[in-house]
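A closer look at the structure
The chain contents come next:
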Amino acid sequence: MKLAEHARLAAIGQFVSDIAHEIRTPLATVSMALDYFENTELPEAAHKRLLLAEQEMARINRLLADILLYARPLTLKTESTDLCLILEKAITSRKPQAEKHKAAIALDCPEDTLPLHADPDRLLQIFLNLLGNAIEATTANSAVTIRVRSKDTDKVIQVDVTNRGDPIAPENLEYLFEPFFTTKANGTGLGLAIVRRLVQAHGGSVAVTSDTESGTTFTVRIPRML
């Protein structure tokens, strides 16, 4: 039964992946046409419509990229990984977004944090996504905090990503990691589903808590497996 279900899901994933690839071909043609008009002198009203079209194209491309990432078979390339270095890279990548939202990012990663056996690229994807969401959700002039917990005796490393924005509605909490569920106007609904898939591929777990007093915290727990 499990083998049959696995085969069915694999077939669905391949089908979705094939469709996404087919859609990308005409989109590339449309994108080239938009680029052409970008370098053409247009009336103000036409230029505004062009900008809107480019924004929508970018949104479609993000959706397709997420669909492909979610649908493709997942292979990890694991190695001994410095988690603190991964988090610093994620923070550097998200710095322009944080500045735009007037949000500070605080990293609490002890110097004696233990290494873990993981795929560094996939870990970076996980924390880029969580950090980006936290920045968008936090209130202006407040901090997003990333806290790493690791002890010599621990077999699991825990990372908490916390923002102080409005709490998530209780009725939405249980659906956050479901594919295509989103509360954002322009969200794809796949970001957190991808996070969960990548974390689970490492044998770990991801959970969320949210309230007015403590803010919203996404907790990732990944076994060291060394």
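Up top is the structure these notes are about.
Figured I'd write up the structure that's included with this text.

Cut-offs and rules
Residues numbered from 1 in each chain as written. Predicted model: local features only at pLDDT ≥ 70, side-chain atom pairs only at ≥ 80, totals over all residues. Heavy atoms only, no water. Axes fitted to C-alpha atoms, helices over the stretch in contact; angles between N-to-C directions. Helix = DSSP H or I, 4+ residues; strand = E, 2+ residues; numbered from the N terminus. Left-handed = near helix turned anticlockwise from the far one by under 90°. Contact = heavy atoms within 4.5 Å. Nonpolar A, V, L, I, M, F, W, Y, C, P; charged D, E, K, R; others polar. Salt bridge = Lys/Arg side-chain N within 4 Å of Asp/Glu carboxyl O. Buried < 20%, exposed > 50% of the residue type's maximum accessible area, 1.4 Å probe, protein only. Core = buried A, V, L, I, M, F, W, Y, C linked by side-chain atoms within 4.5 Å. Expected span 1.5 Å × (residues − 1). Polar contact = N/O pair within 3.5 Å; in protein donor to acceptor, adjacent residues only side chain to side chain. Phe/Tyr/Trp six-rings, centres within 6.5 Å; stacked < 30°, edge-to-face > 60°. Disulfide = S-S within 2.5 Å. Pairing = 2+ DSSP bridges.

1. As for the packing of helix H4 (residues 120–137) against helix H6 (residues 191–201)
The interhelical angle for the contact between H4 and H6, taken along N-to-C directions, is 145°, at an axis separation of 9 Å. Relative to H6, the crossing made by H4 is left-handed. Facing Arg122, Gln125, Ile126, Asn129, Leu130 and Asn133 of H4, the residues of H6 in contact are Gly191, Leu192, Val195, Leu198 and Val199. Class assignment for the residues of the contact of H4 with H6 results in six nonpolar, four polar and one charged.

2. Considering the pattern of salt bridges
Here the structure, examined in full by the defined rule, presents three salt bridges. Of the charged contacts, one joins Arg149 and Asp160 as a salt bridge, the two residues approaching to 3.1 Å between their closest N and O atoms. Placement of the pair is Arg149 in strand S4 (residues 143–149) and Asp160 in strand S5 (residues 156–163), with a sequence separation of eleven residues. In this structure Arg149 comes out as partly exposed when scored by relative accessible area, which is 37%. A salt bridge links Arg196 to Glu178; the nearest nitrogen and oxygen atoms lie 3.9 Å apart. Taken together, the positions of Arg196 in helix H6 and Glu178 in the loop between helix H5 (170–173) and H6 put the pair 18 residues apart, joining distant regions of the chain. Take Arg196: its relative accessible area is 24%, and that puts it in the partly exposed class. Glu178 sits in the partly exposed class, given a relative accessible area of 34%.

3. Overview of the nonpolar core
Of all hydrophobic cores here, the largest spans 37 residues; its most connected members are Leu83, Ile126, Phe127 and Leu130. Breaking this core down by element, the ones donating at least two residues are helix H3 (83–100), strand S3 (116–118), H4, S4, S5, H6, strand S6 (205–211) and strand S7 (215–223). The residues contacting Leu83, other than those within four sequence positions of it, are Leu116, Leu123, Phe127, Val148, Ile157 and Val159. Judged by nonpolar contacts, the second largest core, of five residues, contains Leu27, Leu34, Leu50 and Met57.

4. A closer look at H4
Given a rise of 1.5 Å per residue, 18 residues ought to cover 26 Å, and the 26 Å separating the end C-alpha atoms of H4 matches this to within 8%. Within H4, burial applies to Pro120, Arg122, Leu123, Ile126, Phe127, Asn129, Leu130, Leu131, Gly132, Asn133, Ala134 and Ile135. Two or three places before Asp121, at the opening of H4, Asp119 has a side-chain oxygen 3.0 Å from that residue's backbone nitrogen.

5. Some thoughts on the packing of aromatic side chains
By the definition in use, this model includes one aromatic pair. When the ring of Phe177 is compared with that of Phe218, the centres are 6.1 Å apart and the planes differ by 85°; the resulting orientation is edge-to-face. Highlighted residues: Phe177 in the loop between H5 and H6 and Phe218 in strand S7, separated in sequence by 41 residues. On the basis of relative accessible area, Phe218 is assigned to the buried category, the value being 8%.

6. Side note on the state of the cysteines
Inspection of the entire model under this criterion finds one disulfide. Each disulfide pairs two cysteine sulfurs, and for Cys84 the partner residue is Cys109, the sulfurs being separated by 1.8 Å. Of note, the bridge from Cys84 to Cys109 carries an S-S torsion of about -80° and is left-handed in sense. Of this pair, Cys84 sits in helix H3 while Cys109 sits in the loop between strand S2 (104–108) and S3, placing them 25 residues apart in sequence. Using a relative accessible area of 12% as the deciding quantity, one classes Cys84 as buried.

7. Brief notes about the sheet that holds S4
Spatial ordering of the open sheet is given by S2-S4-S5-S7-S6, a layout of five strands whose pairing is mixed. Edge positions in the sheet fall to S2 and S6, since each has one partner strand and no second. Strand-to-strand twist in this sheet, taken as the mean axis angle between neighbours without regard to direction, amounts to 15°. Pairing analysis gives five bridges linking S4 to S5, with the strands arranged antiparallel. By the bridge assignment for S5, Arg149 is matched with Gln158.

8. As for the side chain of Gln97
Position of Gln97 relative to the elements: it lies in helix H3. When its relative accessible area of 16% is taken as the criterion, Gln97 is described as buried. Ignoring anything within four residues of it in the chain, the contact list for Gln97 reads Gly132, Ile135 and Glu136.

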